[in-house]
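Close look at the chain arrangement
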Amino acid sequence: MKRRPLLKSTLAASALLLSGLFPFTVQAAETIKVGILHSLSGTMAISETSLKDMALMTIDEINAKGGVLGKQLEPVVVDPASNWPLFAERARQLLSQDKVDVTFGCWTSVSRKSVLPVYEELNGLLFYPVQYEGEELSPNVFYTGAAPNQQAIPAVEYLMSEDGGAAKRYFLLGTDYVYPRTTNKILRAFLHSKGVADKDIQEVYTPFGHSDYQTIVANIKKFSAGGKTAVISTVNGDSNVPFYKELANQGIEATDIPVVAFSVGEEELRGIDTKPLVGQLAAWNYFQSVENPVNSAFVAKWKAYAKAKNLPGADKAVTNDPMEATYVGINMWAQAVEKAGSTDVDKVRDAMAGQTFAAPSGYTLTMDATNHHLHKPVMIGEVQEDGQFEVVWQTEGPLRAQPWSPYIEGNDKKPDYAVKSN
Amino acid sequence: MPTALYRLFLLLTLLLPLTGHAGDASDFVAASPSKQAKLLESWSAAPDAARLPLLEALQQGRLAADSGKNPFIEVNGLYQSAEGEFAPAEAPRKLRLNNRLRGLIGTAMASHQLLAEEPALRLAAARELQKRAKPAQLGLLDARVASETDAQVRTALTLALANLQLVDRDPAIRLAAVRLLGETGDPLARTRLETLLDPAVEDDAGVRTAAQTGLAQVKRKLLIGELLGQAFSGLSLGSILLLAALGLAITFGLLGVINMAHGEMLMLGAYATYMVQLLFQRFAPEAIALYPLVALPVAFFVTAAIGMALERTVIRHLYGRPLETLLATWGISLILIQLVRLLFGAQNVEVANPYWLSGGVQVLPNLVLPYNRIVIIGFALCVVVLTWLLLNKTRLGLNVRAVTQNRAMAACCGVPTGRVDMLAFGLGSGIAGLGGVALSQIGNVGPDLGQSYIIDSFLVVVLGGVGQLAGSVMAAFGLGIANKILEPQIGAVLGKILILGLIILFIQKRPQGLFALKGRVID
């Protein structure tokens, strides 16, 4: 009789101990680690910091709904500081030390190119949320931003149209790295195919972080005397602020010389007085001003999140295209993991094909069955006085991406599915 | 109910074109974008003073329409019916415009303002039409030239007319137009005249010759504008380099401290400007335009105080040990950057230009000088003059020069060398702070701001000759102008590389820099 209570109590105690220990160990083992690889300092911080915050918000949201496969997502944030070799180092750290199951990150193509070998070597999974130049299709990357035919080409077609000002001459201005150089190569071939001669195209590059745009703006003015001119800007990072300031100071208005930018969105315009810039253009796949219920909820959620987390400038928080692409990317990945029933990279990759998601852009976006890119709608927006964009032109529906642009020679022989680059 | 409403609505829409005058606003609101463009073109050919409020509303983006396509004009947040007396059925939506329409609105506005009473308005309108006049406006311009009373406006109008007369049927009129255009320095005239050189376009030989001479004239004028523009941007870049380097010319040049934290003094000066701007926004928003002026002394004293504290605590222990100084100041620079990151965040902060530093002044048809750059050139020269006066005309300056030339002898004569070192270092840092205020007005303000200027600053001081203010001034302007001459030829990236290569060669040949200190040099 005496043994029983003892047995009971030991059992109870061990059960208690187990129940005390076990959930704890379960929780520790059963989170899914998600890497976030965005520059939080340096020249790209102006663009990338908000992507980090957007990723954290989306992860919070998924966790609040019960996580993925019943497990909570655990973000691992690192800062590669706009330093390209550091991107590769941090990526390796995320994959081999933190053992993340997926990474959301990179903005510039040069940073993506520097982490690509790491992801291919260690079979990691990277979601890249920014428009880029194409010419790449890695099995370890999903591209949720636009390929050239989903941004650059439609933008130039718009400039050529009557409503876009029927431009005859094109000034291609970019930061000196792979994205602007390749995009301009594609655009030059495209312009040739439309009958624009080389003398009507000028290509100029500046270093990262360049801040003296006097000569270049004077050159643009000189160039524009030869006929209706449009500027196609692939300037990235905080150089955009001095560039637009100089345009305004030298009295260039959008009605005379429209500037269409591929890397300037609502976030970059926060630091500039936009009154002299009204009418300047940007081409994206989403603008904050797009009106639909999904977007209103998305914008409201972001504003509330910015306020709750006390982010810098929270009272003027805006959303932009790469933020939307980050949001879509994380949600699609979560859906794919649920479908695959595992976070294993190979299984998730297969499950990603054909995933759909009702995006804030107002369309249900589809991940292509083979080429790792989203089908996206294209929109051209004009800068308004309040720093927002007003859509002046858009495609009828989502376009399929062409990562291998037909305007670059030899691309017609490249396969339309992902192959390791080396 | 819905049918009754619908009928009423139909009735109203049917009545609308009948009620009162033409209803330009209603026409415009109801038209498709291409129709709107046609409407604007017809309006600019036949201006009507009654249409001016509508055009003004269009230009300022105040025209709106409700779902029944009734036009409304927004005045101070309230919508007033543009025609008739309708109350908006629901909140009207503002009209969407694109760049093409905005341009046409500008033309229409200008041709309406030709009817204005004030000659100044008419002059501005005529100038606008020189750029944008459409062939349909030929008759209008012809009539206005004949009836214009103000001589200046008439000249401007004649020019606007000449642009359109280039395709006139009468060779005599074409010839007169070509002659007129030849006398302007307008970049657009160049392209217009160039097309006339082609016999397929212009069959009259006399006009072709006139176009040839006119073109030469225009090109000469444009060249002058271009050269002046290049010289100005060179001076502007030079003045920025000078402001960045002047503080270093004192801490490194005179005191001989290899100060790697100099860039961070610039950065702190820029952040001081940001803080002053924030304070103005909070406490004196009506005087916000004056904040850069207040920021100057604040930035000077903040950075000078930090500089003096550094000198007292770290640098004074390292005099005569250049390698340790270099490492220590580099460490300080990293600490300062991280400190600013912690306090203000890693992202750039927004420093807005006040209105008097935005925009520019049109000097020649192809030359606009931005105000912020003009002010910075003037400011740089003021700082140089003040620094020179301080070093050469005051007791402190005398002491600084004495200590840098012969420390032991100066100490023997009773100069408190320790204090002088501290003050001189503070002065150098303070001047860097002033430079930071200027830099905040043209570039981005972020924790890394100093990093992008530190190399340029050392280049200027080393090139100019260590220990010489005049050398730094010459080197800064020389580098600025050389950079701006090279940039259009070979691009910004190659230009920078080439300049760096040239400086290395120059220093190899002449290690003492442009200006060498004669006699005994610093220890």
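Residues numbered from 1 in each chain as written. Chains lettered and ligands numbered in written order. Predicted model: local features only at pLDDT ≥ 70, side-chain atom pairs only at ≥ 80, totals over all residues.

Chain B is annotated in an unreviewed UniProt entry as Urea ABC transporter permease subunit UrtB from Pseudomonas aestuarii. Within the UniProt record for chain B, the comment given under Subcellular location (unreviewed entry) is "Cell inner membrane". Per its UniProt entry, chain B bears the Sequence similarities (unreviewed entry) comment "Belongs to the binding-protein-dependent transport system permease family. LivHM subfamily." (UniProt positions renumbered as here; feature names shortened; annotations may be inferred.)

Going by what an unreviewed UniProt entry lists, chain A is known as Urea ABC transporter substrate-binding protein and is assigned to Pseudomonas aestuarii.

**Let's talk about unusual backbone geometry**
Residue and element names in this part refer to chain A. The phi torsion at lysine 99 lies on the positive side, around 55 degrees, for a residue other than glycine. Within the secondary structure layout, lysine 99 lies in the loop between helix H3 (84-97) and strand E3 (102-105). Judged by local crowding, lysine 99 falls into the exposed class, with 10 C-beta atoms found within 10 Å. Its identity as a non-glycine residue notwithstanding, asparagine 310 has a phi of 55 degrees, on the positive side. Looking at asparagine 310, the number of C-beta atoms within 10 Å reads 7, which means it is exposed. (Helix = DSSP H or I, 4+ residues; strand = E, 2+ residues; numbered from the N terminus. Buried ≥ 20, exposed ≤ 12 C-beta atoms within 10 Å, placed from the backbone.)

**Observations regarding helix H20 (residues 469-509) of chain B**
End to end, H20(B) covers just 21 Å across 41 residues, shorter than the expected 60 Å (1.5 Å per residue, more than 12% under). At B:Ile490, H20(B) is bent by approximately 125 degrees, the largest bend along its length. (Expected span 1.5 Å × (residues − 1). Bend = angle between axes of the 7 residues up to and from the residue.)

**A word on the interface of chain A and chain B**
Listed as interface residues are 44 residues of chain A and, on the opposing side, 43 residues of chain B. Those elements giving two or more residues to the side of chain A that touches chain B turn out to be helix H2 (45-64), strand E7 (201-206), helix H7 (214-224), helix H8 (240-249) and strand E15 (389-394) of chain A. Among the elements that make up the side of chain A that touches chain B, the one with the highest residue count is H7(A) (6 residues). Broken down by class, the residue content of the side of chain A that touches chain B amounts to 15 nonpolar, 19 polar and 10 charged. (Contact = placed C-beta atoms within 7 Å. Nonpolar A, V, L, I, M, F, W, Y, C, P; charged D, E, K, R; others polar.)

**Things to note about the UniProt feature "transmembrane region" (unreviewed entry) in chain B**
As recorded in UniProt, the sites labelled "transmembrane region" (unreviewed entry) are residues 237-258, 265-284, 290-310, 322-344, 371-391, 458-482 and 488-507 of chain B. Across residues 458-482 of chain B one finds 84% helix and 0% strand; the C-alpha atoms that close the span lie 17 Å apart.

**A closer look at helix H10 (residues 293-308) of chain A**
All names here are of chain A. Taking 1.5 Å of rise per residue, 16 residues should cover 22 Å, and H10 covers 22 Å from first to last C-alpha, within 8% of that figure. Listed in full, the buried residues belonging to H10 are Asn295, Phe298, Trp302 and Ala306. When H10 is viewed along its axis, its buried side chains cluster within an angular range of 65 degrees and face the same direction. In H10, the exposed positions angled more than 90 degrees off the buried face are occupied by Pro293, Ser296, Ala297, Ala300, Lys307 and Ala308. Buried residues along H10 sit in contact with H2 and helix H11 (321-340). Of the residues trailing H10, asparagine 310 is marked for its positive phi of about 55 degrees. (Arc of directions from axis to C-beta.)

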